[in-house]
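Topology and contacts: notes
Here is how the chains run, residue by residue.
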Amino acid sequence: MRIMVVGGGGREHAIIKYLSKSPKADKIYALPGNGGIAELAECVNIKAEDLDGIVKFAVNNKIDFAVVAPDDPLVMGAVDKLEAAGIKCFGPRANAAIIEGSKIFAKNLMRKYKIPTANFEVFSDLDKAIEYVNNHALPLVIKADGLAKGKGVVVAETLQEAEDALISCMRDKKFGSSGEKVLIEECLTGPEVSVLAFTDGHTLVPMVSSMDHTRAYDNNQGANTGGMGVIAPNPHYDFNMAARCEREIFMPTINAMNKEGRKFKGCLYFGLMLTPQGPKVIEYNCRFGDPETQAVLPLLSDECDLLEIMLAVSEERLSSVRVLFKWDCASCCVVMASREYPDSCKTGFEINIDAAKIHELNNVNIFHAGTKLNQDGKLLTSGGRVLAVTAVAKSKSISQEGVGDALAQARSDAYNAIKYISFDGARYRSDIGLH
Ligand code: AMP
Ligand code: GLY
């Protein structure tokens, strides 16, 4: 099969790595891909948001199957356009991707179908929003309605923070039209869990749970980022909790989307908080998480073929394929970022990777996010998040508490691998998996 993957980050590198293991994968293109993906796929310089360019490329190159990974093209309708051109896709159509594209849509869906989530109010008028925060107890959570590159959420501890967030969103248009409407939410507490799930709109298969580390610095300090590291499975998410989430959240969401005439096919990401009152939805994403994917896909059983699973999702026969995970293993993914990340970064620094030493570690994958090859074939930094270094380890004794020994080993291996990687300004959190 001739396959096209839209996107060019660490998530797409992981997806392509596992797709490329399939005997059915004859040729893979990445649009636009990156310096690491170039080892596995042909990178084509078309941006993920250039929908017309993507469709034209797919038709001209006789693509059999397209995987659209990032949020922007999904919300903009990339799958609808590709399908209209006769191309089979993995990923939701725009009318289902709205579950991420509009937080207000998602919240109203949850309210209508009684899916547990934080209480909320919607505002399109700045004065009314400011009046509301003045009359309610803090902290409150302020969210831009639309996509904002993961930066549209502020947990406001003080009135000043709440007012600043509302003003920058609604008056100063920090997020453009994405911030014209805002949500003000009750602030929940508890451990956060990410669960990615394959679904064809009928069957839902959750993957191994994970825990993202979104703040820029150790001890959860600094700005929110796209994610600085992930562990999987999430130690707070046991078998009973998984069963409860499936019953109270996952299947009700699939059913709700069907009732609304918005069948969701692809990877649905549940961002959950395990509150004292039970699990609640913090957010949905209409796609694989980044960097969750870099920690979760390495835990897919070697007996499984990611391409077969994705094809089954697309053809609405997910129940006919086996989706197995290495439940006796754990993974730890540490993001190496550029010095200034999440602010705009200086790039173009040479990356040195001692491949022989990393190979010796045996169980480490380096997924590239912001990298590119120059004309001489040298690997350079090209973005904020540069590499996602993932180690997988097997538990010697799975216990009631899970695979804690494997997690400790995976942490240690990931941080060992990082010692063999360097570039000017390289920065990473040293506490992934410690809290
Ligand atoms: P989101 O982009 O919606 O996932 O929000 C980003 C982060 O803000 C989440 O990972 C949480 O840490 C935090 N957050 C969002 N909504 C809430 C809420 N209602 N209560 C507490 N924290 C929240
Ligand atoms: N890591 C969070 C996300 O992919 O949105």
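Residues numbered from 1 in each chain as written. Chains lettered and ligands numbered in written order. Predicted model: local features only at pLDDT ≥ 70, side-chain atom pairs only at ≥ 80, totals over all residues. Heavy atoms only, no water.

1. Considerations on the site of ligand 2
Rules: For this purpose, a residue is taken to be near a molecule or strand whenever a single non-hydrogen atom of the residue falls within 4 Å of it. Polar contact is the term for a pair of N or O atoms within 3.5 Å; when the atoms are in protein, one must be able to donate a hydrogen and the other to accept it, and sequence-neighboring residues count only if both atoms are side-chain atoms. Every accessible area reported is derived by Shrake-Rupley at a probe size of 1.4 Å, with residue values counting cover from the shown protein chains alone.
With respect to spatial proximity, the complete set of residues near ligand 2 consists of Asp212, Gly226, Tyr269, Asn285, Arg287, Gly289, Asp290, Pro291 and Glu292. At 3.2 Å from a nitrogen atom of ligand 2 is found a main-chain nitrogen or oxygen belonging to Gly226. A distance of 3.2 Å separates an oxygen atom of ligand 2 from a polar atom in the side chain of Asn285. In isolation ligand 2 exposes 200 Å². Once the protein is present, 84% of that is buried.

2. Some points on the site of ligand 1
Every one of the 13 residues lining ligand 1 counts as a neighbour, but Glu185, Glu186, Leu188, Glu192 and Glu283 are closest to it. Lys103 places a polar side-chain atom, nitrogen or oxygen, 3.3 Å from an oxygen atom of ligand 1. The backbone of Leu188 places a nitrogen or oxygen atom 2.8 Å from a nitrogen atom of ligand 1.

3. Some thoughts on the packing of aromatic side chains
What counts here: Any two rings among Phe, Tyr and Trp, with Trp reduced to its six-membered ring, count as a pair given centres within 6.5 Å; such a pair is stacked if its planes are under 30 degrees apart, edge-to-face if over 60, and tilted if neither. The helix and strand labels rest on DSSP assignments: H or I over at least four residues marks a helix, E over at least two residues marks a strand, and numbering proceeds from the N terminus. Partly exposed residues are those whose accessible area sits between 20% and 50% of the maximum for their type, while under 20% is buried and over 50% is exposed, using a 1.4 Å probe and protein chains only. Put simply, a charge is over a ring when the Lys NZ or the Arg CZ is close to the ring centre, within 6 Å, and near the line of the ring normal, within 35 degrees.
Under the criterion given, the structure shown has 9 aromatic pairs. Consider the rings of Tyr29 and Phe57, whose centres lie 5.0 Å apart with planes at 80 degrees: the pair is edge-to-face. Of this pair, Tyr29 sits in strand S2 (residues 27-32) while Phe57 is found in helix H2 (residues 51-60), placing the two residues 28 residues apart along the sequence. Just as Tyr29 is buried, Phe57 falls in that class too. An aromatic cluster is built from Phe90, Phe198 and Phe288, whose rings are joined through pairwise contacts. The aromatic ring of Tyr29 is capped on one face by Lys27, whose charged end is 5.0 Å from the ring centroid. Against the face of Phe120 rests Arg111, its NZ or CZ located 3.8 Å from the ring centre.

4. Some details on the packing of helix H1 (residues 10-19) against helix H11 (residues 306-314)
Put simply, the test is: As a rule, the C-alpha atoms of each element are fitted with a line to give its axis, helices using only the stretch in contact, and angles between N-to-C directions run from 0 to 180 degrees. Roughly parallel means an angle under 35 degrees; roughly antiparallel, over 145; roughly perpendicular, 65 to 115; everything else is oblique. The contact definition used throughout considers only heavy atoms, calling two residues in contact when any of these lie within 4.5 Å. All amino acids are sorted into three groups, where Ala, Val, Leu, Ile, Met, Phe, Trp, Tyr, Cys and Pro are nonpolar, Asp, Glu, Lys and Arg are charged, and the leftover types, Gly among them, are polar.
Taken N-terminus to C-terminus, the directions of H1 and H11 make an angle of 105 degrees; their axes are 7 Å apart at the nearest point. In terms of axis orientation, H1 runs roughly perpendicular to H11. Contact residues: H1 offers Ile15, Tyr18 and Leu19, while H11 offers Leu306, Leu307 and Met310. When grouped by side-chain class, the residues that make up the contact of H1 with H11 number 6 nonpolar, no polar and no charged.

5. Details of the environment of Leu140
By the element assignment, Leu140 lies in strand S7 (residues 140-144). Taking relative accessible area as the criterion, Leu140 reaches 6% and is therefore assigned buried. C-alpha separation for the pair Leu140 and Thr158, spaced 18 residues apart in sequence, amounts to 8.7 Å.

6. Observations concerning the pairing of strand S18 (residues 329-337)
The side chains of a regular strand alternate between the sheet's two faces. Heads up, the rule is: Each pair of strands is called paired provided DSSP finds at least two bridges between the two strands.
The element S18 is largely enclosed, with a buried count of 9 among its 9 residues. Of the two faces of S18, the one carrying Cys329, Ser331, Cys333, Val335 and Ala337 and the one carrying Ala330, Cys332, Val334 and Met336 are both buried. Two elements, strand S15 (residues 229-232) and S18, share 4 bridges in a ladder whose sense is antiparallel. Bridged to Ile231 within S18 is Cys332. Sheet analysis places S18 next to strand S23 (residues 385-394), joined by 9 bridges and oriented antiparallel. Looking at the pairing, Ser331 lines up with Val392 of S23.

7. Digging into the pattern of salt bridges
Quick note on the threshold: The salt bridge criterion pairs a side-chain nitrogen of Lys or Arg with a carboxyl oxygen of Asp or Glu, the two atoms within 4 Å.
If you walk through the whole model with that rule in mind, you get 22 salt bridges. Across the pair Glu100 and Arg287 runs a salt bridge, and its minimum N-O distance is 3.1 Å. Here Glu100 is found in helix H5 (residues 94-101), whereas its partner Arg287 is found in the loop between strand S17 (278-285) and helix H10 (292-296), with 187 residues between them in sequence. Each member of the pair, Glu100 as well as Arg287, is classed as buried. What emerges from the salt-bridge pattern is a single network uniting Lys88, Glu315 and Arg317.

8. Thoughts on the sheet that holds S17
An order of S11-S10-S16-S17 is seen for the 4 strands of this open sheet, with the pairing classed as antiparallel. Both edges of this open sheet fall to strand S11 (204-206) and S17, since each of them pairs with a single strand only. Averaged over all pairs of adjacent strands, the angle between their axes in this sheet comes to 35 degrees, without regard to strand direction. As paired strands, strand S10 (residues 192-199) and strand S16 (residues 266-275) are joined by 8 bridges and run antiparallel to one another. Each residue of the ladder has a partner; that of Ser194, found in S16, is Gly271.

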